[in-house]
Amino acid sequence: MPRLRLVMLLLFVGWLASPLPAAGGPDAIKDTESATHGADSASYSVAGTYTYPGFKLIQFTLPVLSHYSYMLVSAGECLVVDPGRDIDVYLKTAAAERVQIIGVWLSHSHADFVAGHAEFARRGVPIWVSAKAGAKYEHRPLKDGDSIAVGAAVVSILETPGHTPDGTCALVAEKAKASEPHALLSGDTLFVGSVGRPDLMGEGMAASALASSMFNTWTRVLSKLPDHVRVLPAHGAGSLCGAHLSDQPSGTIGEQRVANPYFQHKSRGAFIAAVLDGLPEAPQYFKHNAAANQRGPDAVEWNAELVLASADAELTDTSKHYVVDIRDAADYAGGHLPNSVNIALRGRFETWAGIMVPWGSDLVLVGDVKELKEAVTRLHRVGYRARVITLGAWKQAGLPLRKNNMCDPRELYAAMQTPESPIVIDVRLPSEWMALRIGTVVNIPLSELAAKAGKVDRAEKVVTVCNSAYRSSMAVGILERTGFEKVCSMAGGGEAWLEAGLPVYEAVRRDAVATAPKRVVRLAERLSAAELKRMLLDLPDTFTIVDVRPPAQFADYQLPGAVNVEIADLLENPAWLVGAGPLVIVDRDGSLAMMVGGILSQKTERPIKALFGGLAAYWAESGMSPAPAAGPRAPAQAAPTPRPALPAPAQAPAQPAPPKKKSAGC
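Residues numbered from 1 in each chain as written. Predicted model: local features only at pLDDT ≥ 70, side-chain atom pairs only at ≥ 80, totals over all residues. Heavy atoms only, no water.

A short note on the packing of helix α4 (residues 207–221) against helix α6 (residues 268–276)
The relative placement of two packed helices is expressed as an angle between their axes plus a distance between the axes. Contact geometry of α4 with α6 gives a least axis separation of 9 Å together with a crossing angle of 120°. Overall, the two elements α4 and α6 adopt an arrangement that is oblique. Taken as a pair, α4 and α6 cross one another with a handedness that is right-handed. On α6, the residues that touch Ala 207, Ser 208, Ala 211, Ser 212, Met 214, Phe 215, Asn 216 and Arg 220 of α4 are Arg 268, Phe 271, Ile 272, Val 275 and Leu 276. For the contact of α4 with α6, a count of residues per class yields 8 nonpolar, 3 polar and 2 charged. (Axes fitted to C-alpha atoms, helices over the stretch in contact; angles between N-to-C directions. Helix = DSSP H or I, 4+ residues; strand = E, 2+ residues; numbered from the N terminus. Parallel < 35°, antiparallel > 145°, perpendicular 65-115°, else oblique. Left-handed = near helix turned anticlockwise from the far one by under 90°. Contact = heavy atoms within 4.5 Å. Nonpolar A, V, L, I, M, F, W, Y, C, P; charged D, E, K, R; others polar.)

Here it is as structure tokens:
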């Protein structure tokens with residue numbers, strides 16, 4: 001054993017001392033939005049189908065809005081849950097499934113998109129929503145304990161205020177076993193890894209009051225549900241309806257009980273503080289969408305002809321019009337309408353339009369006809385209408401274009417080393433800027449740029465930067481609208497900077513700069529004996545225990561449910577890197593468990609925990625009789641566990657594989 005421990009120590013120390021990855025790796029700076037740019041990110045797709053006895057739940061995803069919606073299908077009927085405004089995907093799916101849509105259930109009055117209930121109501125479909133929603137449209141009000149029958153399934157309503165006062169969740173079960181739910185449609189109350197933000201009511205209700213309601217919702221309602229109940233939320237990573245959402249499309253109550261960081265705060269005050277801390281700024285369009293959803297959105301003529309704007313120099317008047325160029329950053333830089341702002345269609349176009357374009361503006365889009373049609377359709381999702389114009393029409397009218405060729409990262413780096421360096425404005429969020437930046441630059445978040453542009457001399461040469469040039473290209477137009485003449489965006493953003501191998505700085509605090517990147521070392525979490533005992537009693541079957549002691553010692557005594565695994569197998573077999581819950585490693589005194597856990601933590605996002613002090617501490621701290629001696633014994637019937645893939649949890653329904661991350665702009 002001493003020799004093995006030495007080998008493990010050398011392995012772990014050797015890993016820590018290994019060379020750092022090249023600074024050119026763009027993944028070091030990518031965020032949830034800029035990680036990928038799939039062409040299908042603006043279209044609905046099926047994220048997964050969850051099958052249970054008597055019914056199934058089809059989960060739809062719309063990546064550009066981080067929106068999940070659902071169809072509950074059972075015995076020829078279906079209920080649509082939290083639909084988006086463009087409802088063709090649900091109609092086509094219902095036809096393919098040969099089921100009748102018997103109704104729509106809204107978990108609350110959504111703020112980040114216009115829901116599709118009015119579109120369904122036009123087709124005679126009834127709408128269910130909380131009696132507390134103050135809905136002005138025709139609907140069937142629901143209160144706590146009410147239910148909706150869908151074929152052989154039943155939907156039971158829970159009043160769950162916290163994100164909003166009218167927030168509800170719904171338990172789904174077989175009619176014959178209504179008290180044994182399989183799934184929770186959690187709306188914006190409970191996300192995977194997070195909870196709904198409580199600060200969207202403005203002066204109507206204090207955010208702390210709603211956060212306190214969320215504490216009650218969890219401690220008195222949702223935490224009482226069985227661990228196996230699957231959580232199906234209305235939003236995922238990238239949504240501004242909460243902070244730190246996971247990119248996993250679903251989870252379980254048991255997983256949230258253990259892994260959701262907000263539920264680790266056991267006192268009301270600490271929970272409220274945690275929920276209110278670090279919330280991103282809510283886009284200005286949220287309140288308008290929430291109001292539209294409450295009164296009932298206007299009907300949309302999805303196939304209507306585009307409304308053309310005349311090619312007139314008046315379009316450059318920022319007091320009358322807000323012109324948005326929907327082309328990519330490079331095309332925009334090559335020539336665009338003066339005072340237009342570039343919000344590229346390829347990214348989170350809907351959300352950024354809602355953030356940047358003041359509600360009620362005379363919005364005019366610039367692009368080619370095909371893209372303009374898509375842009376107008378997508379703007380309907382967030383309640384905007386727009387006229388359109390092509391760049392060709394503007395040119396044919398003999399009107400001027402504005403150009404600002406994008407700056408190459410190497411050229412910018414060279415210019416930054418000279419006495420006449422341009423002013424570089426990083427338009428990312430402060431948290432992004434503090435984590436990694438390209439030098440001594442000014443940080444003004446994009447959403448604040450128009451208001452704070454006066455801090456910079458308009459006569460100076462300015463270069464804007466972000467992660468991938470999506471936001472920095474927007475920033476160019478915003479600065480031009482406020483009078484800047486010499487402004488351009490860095491091509492490719494921080495990702496291109498890293499690809500070019502140029503140096504970056506990690507800011508530890510505002511008055512100090514690290515001269516070299518620091519490596520983040522993920523370590524296993526130390527688990528006390530008391531915590532492990534509590535998990536064994538309260539959360540059985542939500543985690544895996546592996547015992548790395550020799551087989552003879554394992555045969556002598558072991559924890560309930562533990563499996564005996566050789567260290568080599570634990571390190572080499574990738575099956576141990578995946579699982580629904582934490583992986584808990586135990587040994588005799590905790591030393592090997594911490595080293596093995598440290599190595600595994602670098603390979604997986606799965607939570608890795610090591611029993612602090614080992615089984616010796618567990619027996620002692622549990623108030624039990626001393627553990628048997630750890631000396632060698634004749635092997636009993638136990639043998640090392642073979643190397644199969646990890647077993648699935650008992651009675652788990654068919655689950656879809658996690659979807660690949662899709663485009664969301666940057």
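Comments concerning the sheet that holds strand β19 (residues 387–389)
Spatial ordering of the open sheet is given by β17-β16-β18-β19, a layout of 4 strands whose pairing is parallel. Here the strands that pair on one side only, and so sit at the sheet edges, are β17 (341–342) and β19. By the bridge criterion, 3 bridges tie strand β18 (residues 363–366) to β19 in an arrangement that is parallel. Counterpart to Val 366 in the pairing with β19 is Ile 389. Here helix α10 (residues 369–380) sits on the sheet and contacts β18 and β19; the angle it forms with β18, its principal contact strand, is near 145°. (Pairing = 2+ DSSP bridges.)

Looking at the pairing of strand β5 (residues 100–105)
Look at any regular strand and the pattern is simple: side chains alternate between the two faces of the sheet. For β5, the tally of buried residues reaches 5 of 6 residues, placing the bulk of the element in the interior. As paired strands, strand β4 (residues 77–81) and β5 are joined by 5 bridges and run parallel to one another. If you follow Val 80 over to β5, its bridge partner there is Val 104. Remark: the β4/helix α2 (residues 88–97)/β5 crossover connection has right-handed handedness. (Buried < 20%, exposed > 50% of the residue type's maximum accessible area, 1.4 Å probe, protein only. Right-handed = clockwise from strand over helix to strand, strands pointing away.)

Considering α6
All of the buried residues along α6 are Phe 271, Ile 272, Ala 274 and Val 275. In a view along the axis of α6, the buried residues occupy a sector of 165°, so they form one face of it. Of the surrounding secondary structure, the elements contacted by the buried residues of α6 are β13 (194–195) and α4. Just downstream of α6, Gly 278 is the residue with a positive phi angle, here 75°. (Arc of directions from axis to C-beta.)

Things to note about the packing of aromatic side chains
How two aromatic rings sit relative to each other is given by the distance of their centres and the angle of their planes. Evaluated as defined, the whole model comprises 12 aromatic pairs. Taking the centre distance of 6.4 Å and the plane angle of 5° together, the rings of Phe 263 and Phe 271 count as stacked. For Phe 263, a relative accessible area of 3% gives the class buried. Exposure remark for Phe 271: the relative accessible area of 1% places this residue in the buried category. Among the aromatic residues, those joined into a cluster by ring pairs are Tyr 44, Phe 60, Tyr 90 and Phe 120. A cation over an aromatic ring shows up here: Arg 481 above the ring of Tyr 322, its NZ or CZ 4.1 Å from the ring centre. (Phe/Tyr/Trp six-rings, centres within 6.5 Å; stacked < 30°, edge-to-face > 60°. Lys NZ or Arg CZ within 6 Å of the ring centre and 35° of its normal.)

Overview of the packing of helix α9 (residues 349–356) against helix α15 (residues 470–481)
Two elements in contact, α9 and α15, have axes separated by 13 Å at closest approach and are oriented at 30°. Here α9 is positioned roughly parallel relative to α15, judged by the angle of their axes. When you trace α9 past α15, the crossing you get is right-handed. Facing Phe 349, Trp 352 and Met 356 of α9, the residues of α15 in contact are Tyr 470, Arg 471, Met 474 and Ile 478. By residue class, the composition of the contact of α9 with α15 is 6 nonpolar, no polar and 1 charged.

Things to note about the confidence of the model for the chain
Per-residue confidence for the chain averages 86 on the pLDDT scale, and 85% of its residues sit at or above 70. Every residue in residues 1–26 is under pLDDT 50, and counting partners more than four places away or in other chains gives 35 contacts. Note on residues 625–653: pLDDT is under 50 here. Beyond four places in sequence and across chains, it has 32 contacts. (pLDDT = per-residue confidence, 0-100.)

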